[in-house]
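The residues making up each chain are set out below.
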Amino acid sequence: MPKDNFANQNERERLTPTDRENKLIGYDYAGREVFESDSRMTYDGYIICDGDERDFLLTMGGDAVD
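In this report, we go over the structure that sits alongside the text. Note that the coordinates shown come from a computational prediction; the quantities given were computed from them, not determined experimentally.

**Brief notes about the overall build of the protein**
Within the protein, the secondary structure is distributed over 2 helices and 4 strands. For the protein, the N- to C-terminal ordering of α and β elements is α-β-β-β-β-α. Its C-alpha atoms give the protein principal-axis dimensions of about 60 × 20 × 15 Å. Across the 66 residues in the protein, those meeting the buried criterion constitute 15%. When contacts within the protein are restricted to residue pairs at least 6 apart in sequence, long-range pairs at least 24 apart make up 7% of them.

Printed below as a string of structure tokens:
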């Protein structure tokens, strides 16, 4: 087995996600956690979850026209 940074097998198992666990892939433009199973898109390096498009544009300086 290749050398890793875990102290022992228990630590390796505790810190390694299983296929059943939802894996964190990063944070969206507002700092919220985004998981692998979340529906999302990216723009210019920002992660935008479904339904947040308008909020993202307003956060980036857009003007709302209702």
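**Points about the side chain of D52**
Mapped onto the fold, D52 is located in the loop between β4 (46-49) and α2 (53-59). Apart from residues no more than four positions distant in its own chain, D52 is found in contact with D28, Y29 and R32.

**A few points about the pairing of strand β1 (residues 24-27)**
Each regular strand shows side chains that alternate between the opposite faces of the sheet. Where β1 lies against strand β2 (residues 33-35), 3 bridges are found, and the strand directions are antiparallel. By the bridge assignment for β2, G26 is matched with V34. What sits between β1 and β2 in their antiparallel hairpin is a turn of 5 residues, with G31 showing a positive phi close to 90°.

**Considerations on the pairing of β4**
The pairing of strand β3 (residues 40-43) with β4 spans 4 bridges and is classified as antiparallel. Pairing of R40 across the sheet is with C49, part of β4. Between β3 and β4, which pair antiparallel and follow one another directly, the connecting turn spans 2 residues, one of which, D44, has a positive phi of 50°.

**Quick word on the pattern of salt bridges**
Scanning the model with the defined rule gives 2 salt bridges in all. Residues R32 and D28 are paired through a salt bridge, measuring 3.1 Å at the closest nitrogen-oxygen approach. In this structure, the salt-bridge partner of D52 is R32, at a minimum N-O distance of 2.9 Å. With D52 in the loop between β4 and α2 and R32 in the loop between β1 and β2, this residue pair connects regions lying 20 residues apart in the sequence.

Rules used throughout
- Residues numbered from 1 in each chain as written.
- Predicted model: local features only at pLDDT ≥ 70, side-chain atom pairs only at ≥ 80, totals over all residues.
- Heavy atoms only, no water.
- Helix = DSSP H or I, 4+ residues; strand = E, 2+ residues; numbered from the N terminus.
- Buried < 20%, exposed > 50% of the residue type's maximum accessible area, 1.4 Å probe, protein only.
- Contact = heavy atoms within 4.5 Å.
- Pairing = 2+ DSSP bridges.
- Salt bridge = Lys/Arg side-chain N within 4 Å of Asp/Glu carboxyl O.

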